[in-house]
Amino acid sequence: MTDTIDVIDHLVGITPGSSSDALRSRRPITKEHAQKSWTALFEPVDASQVSLVERFAVAAFIATLHGDRSTAEFYGSKLVGLENGPVILATTKALAELHATKGPYGHYPAGPLSDENTDGPVLDIGAAERAIFGDRLAAALEHAHLLTYHPRDASPAELQKLLMAGWSTTGVVTLSQLASFLAFQIRVVAGLRVLAAA
Amino acid sequence: MSDTVIEPAVENPPVVFTQDKIGWTAWLQPLAEVELTDRHYEALVDKARAKNPYFALLVRDPDILEARTKTDNDIFYNTRDGLPRAERELSATAASRLNGCILCASVHSRFASQYSKREADVQKLLDEGVTADLGDRWNAIVSASVALSATPPAFGADHAKRLRDAGLSDEEISDVVHGAAFFNWANRLMLSIGEPTPAS
């Protein structure tokens, strides 16, 4: 199904022939490859390093952290059909709503920019949710929270946590792309919604 | 656990925003050139990127790297119409300054200066941050890029109006949106899988 729809058009609610359709059609290469990015992440040829459940759970979590209800519902609707999807979705959604905040915050390398350091919450998933997610997904969601709100706090130690939880180097690359792609997609959608409403 | 994290001991790391050329080193093992297949080279798009640790690490997942690179190239280099390149680079620099990506900001502030010939204003954005006064049109672009880069995004009708009042068409505003949005992708990758180093 999803290879027949353009996901950004779908999330913005763009209809053929509208002004927003014209705006997107003017940049066909951007439109094509934003969609191919989505396909690479969510209809992967090889899901051996990052499962589909992990992909859609992280996406639903990040969309909820961004307060983008319809994008969260879109990813949630994909997650719910996967193994253990309903319980993972419900837990992911509750966790995201509880830990939603405002970003970006974080720390700079020590020096003149230290004056601009700002502190904010760090997600530490508790035992009850961890039991539902398992160590791998719990670590991924903690990392997704960091990338969403305070990416400048990233460190080798944060990646080490992922490896310790069972992630491979290639899996971390895909997870990082996925979380970062969501930050892009949600903002393109947000911007186009504003232009569509004008 | 077979894979390991790299903890580089970077001497004299860049600690301010700069238009100077700086480097970057990975926290995870990039693929070595001998490991690259034809598919990897295709995904790198530009073959010279095989020697760049950032792209040599990202190419571990070739499908998303290739699609990302082609998205990136069209958003910034397709300038036969729409927003001038300098101002697309300004949106990228503003997002990078807000998110705190010293490496991304160095590359794209350099491009913003090169294409606009307004090096002092670009430096002001780096030095003073995203509230620096750069004149009406640039202020409108920076302010919109920053609002869109906030989490959750705060870009609204008031930002679009300010851009229109500064002379931008909806097509050009869409280019601002895509430039800033793309750097929310780029900043997060660049910040989270490695760190800046002095120029090599």
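Residues numbered from 1 in each chain as written. Chains lettered and ligands numbered in written order. Predicted model: local features only at pLDDT ≥ 70, side-chain atom pairs only at ≥ 80, totals over all residues.

### Here's the deal with the overall build of chain A
Then step 1. The helix and strand inventory of chain A stands at nine helices and zero strands.
Then step 2. Sequence-ordered secondary structure for chain A, helices as α and strands as β, is α-α-α-α-α-α-α-α-α.
Then step 3. For 198 residues, the compact-globule formula gives about 16 Å, and the C-alpha radius of gyration of chain A, at 17 Å, lands near that figure.
Then step 4. Dimensions along the principal axes, computed over C-alpha positions, put chain A at roughly 50 × 45 × 30 Å.
Then step 5. In chain A, of all internal contacts separated by at least 6 residues, the share reaching a separation of at least 24 is 67%. (Helix = DSSP H or I, 4+ residues; strand = E, 2+ residues; numbered from the N terminus. Rg over C-alpha atoms; globule rule 2.2 N^0.38 Å. Contact = placed C-beta atoms within 7 Å.)

### Structural notes on helix 9 (residues 169–197) of chain A
Then step 1. Compared with an ideal rise of 1.5 Å per residue, which puts 29 residues at 42 Å, helix 9 of chain A spans 42 Å between its outermost C-alpha atoms and is within 8% of the ideal.
Then step 2. Burial of helix 9 of chain A is extensive: 24 of the 29 residues sit out of reach of the surface. (Expected span 1.5 Å × (residues − 1). Buried ≥ 20, exposed ≤ 12 C-beta atoms within 10 Å, placed from the backbone.)

### Points about the packing of helix 5 (residues 102–116) of chain B against helix 6 (residues 119–128) of chain B
Residue and element names in this part refer to chain B.
Then step 1. Where helix 5 meets helix 6, the closest approach of the two axes is 8 Å, and the angle between their N-to-C directions is 155 degrees. Here helix 5 is positioned roughly antiparallel relative to helix 6, judged by the angle of their axes. Note that helix 5 runs across helix 6; the crossing there is right-handed. Every residue of helix 6 that contacts helix 5 at A105, S109, A112 and S113 is listed here: E119, V122 and L126.
Then step 2. Residues of the contact of helix 5 with helix 6, tallied by class, amount to four nonpolar, two polar and one charged. (Axes fitted to C-alpha atoms, helices over the stretch in contact; angles between N-to-C directions. Parallel < 35°, antiparallel > 145°, perpendicular 65-115°, else oblique. Left-handed = near helix turned anticlockwise from the far one by under 90°. Nonpolar A, V, L, I, M, F, W, Y, C, P; charged D, E, K, R; others polar.)

### Points about unusual backbone geometry
One can expect most non-glycine residues to show negative phi and most peptide bonds to be in trans.
Then step 1. In this structure, the amide linkage connecting A:G103 to the following residue, A:P104, adopts the cis form with an omega of 0 degrees.
Then step 2. That bond from B:T151 to B:P152 is cis: its omega, -5 degrees, falls within 30 degrees of zero.
Then step 3. Even without glycine at this site, B:V45 takes up a positive phi of about 65 degrees.
Then step 4. As for its position among the elements, B:V45 is in the loop between helix 1 (38–44) and helix 2 (53–58).

### Quick look at the pairing of strand 1 (residues 23–26) of chain B
All names here are of chain B.
Then step 1. Alternating positions in strand 1 separate cleanly, W24 and A26 being buried on one face and G23 and T25 remaining unburied on the opposite face.
Then step 2. Here strand 1 runs beside strand 2 (residues 194–197); their pairing, made up of four bridges, is antiparallel. Residue pairing in the sheet places G23 in a bridge with T197 of strand 2. (Pairing = 2+ DSSP bridges.)

### Here's the deal with the nonpolar core
Then step 1. Core analysis: the largest hydrophobic core is formed by 115 residues, its most contacted members being A:V58 and A:A60.
Then step 2. Among the elements that line this core, the one with the most residues is helix 9 of chain A, at 15 residues.
Then step 3. The two domains that each donate at least three residues to this core are domain 1 (23–75 + 193–197) and domain 2 (86–190) of chain B.
Then step 4. The contact partners of A:A60, leaving out residues within four places of it in the chain, are A:A72, A:Y75, A:G76, A:L79, A:L89, A:T92 and A:K93. (Core = buried A, V, L, I, M, F, W, Y, C linked by C-beta atoms within 7 Å. Domains from an automatic or database assignment.)

### Considerations on the environment of B:L189
Then step 1. Locating B:L189 in the fold gives a position in helix 9 (residues 170–192).
Then step 2. Expressed as a C-alpha distance, the spacing of B:L189 and B:L58, which sit 131 residues apart in the sequence, is 9.2 Å.
Then step 3. Discounting chain neighbours no more than four positions away, the residues touching B:L189 are A:S176, A:Q177 and A:S180.

### Quick look at the environment of B:S149
Residue and element names in this part refer to chain B.
Then step 1. Relative to the assigned elements, S149 resides in helix 7 (residues 136–149).
Then step 2. Given 27 C-beta atoms within 10 Å, S149 falls into the buried group.
Then step 3. Taking the C-alpha atoms as reference points, S149 and G194, 45 residues apart in sequence, are found 21 Å from one another.
Then step 4. When residues no more than four places from it in sequence are discounted, the contact partners of S149 are A95, L98, N99, A180 and N184.

### Quick look at the interface of chain B and chain A
Then step 1. Residue-level contacts link 52 residues of chain B with 58 residues of chain A.
Then step 2. Broken down by secondary-structure element, the contributors of at least two residues to the side of chain B that touches chain A are helix 2, helix 3 (62–77), helix 4 (85–99), helix 8 (157–165) and helix 9 of chain B.
Then step 3. With 16 residues, helix 9 of chain B is the single largest residue contributor to the side of chain B that touches chain A.
Then step 4. Partitioned by chemical class, the residues of the side of chain B that touches chain A number 29 nonpolar, twelve polar and eleven charged.

### Description of the domain arrangement of chain B
Residues and elements named next belong to chain B.
Then step 1. Per the domain assignment, the segments making up chain B are domain 1 (23–75 + 193–197) and domain 2 (86–190).
Then step 2. Using C-alpha coordinates to define each centre, domain 1 is positioned 25 Å away from domain 2.
Then step 3. Counting residues at the interface gives six residues for domain 1, matched by seven residues for domain 2.
Then step 4. Each residue belonging to the side of domain 1 that touches domain 2 can be placed in one class, and the counts come to five nonpolar, no polar and one charged.

### Remarks on the confidence of the model for chain B
Then step 1. On average, residues of chain B score 97 in pLDDT, and 99% of them reach the 70 mark or higher.
Then step 2. Scored by ipTM, the complex comes to 0.98, with pTM at 0.98. (pLDDT = per-residue confidence, 0-100.)

### Comments concerning helix 4 of chain B
Then step 1. Over its 15 residues, helix 4 of chain B runs 21 Å from end to end, which matches the ideal 21 Å to within 8%, given 1.5 Å per residue.
Then step 2. Of all 15 residues in helix 4 of chain B, 13 are buried, a share of seventy percent or more.

### Digging into the environment of A:I8
Residues and elements named next belong to chain A.
Then step 1. With respect to the helices and strands, I8 occurs in helix 1 (residues 7–12).
Then step 2. Along the chain, I8 and R24 lie 16 residues apart, while their C-alpha atoms are 9.7 Å from each other.
Then step 3. Here I8 is in contact with A34, Q185, V188 and V189, once residues within four sequence places are set aside.

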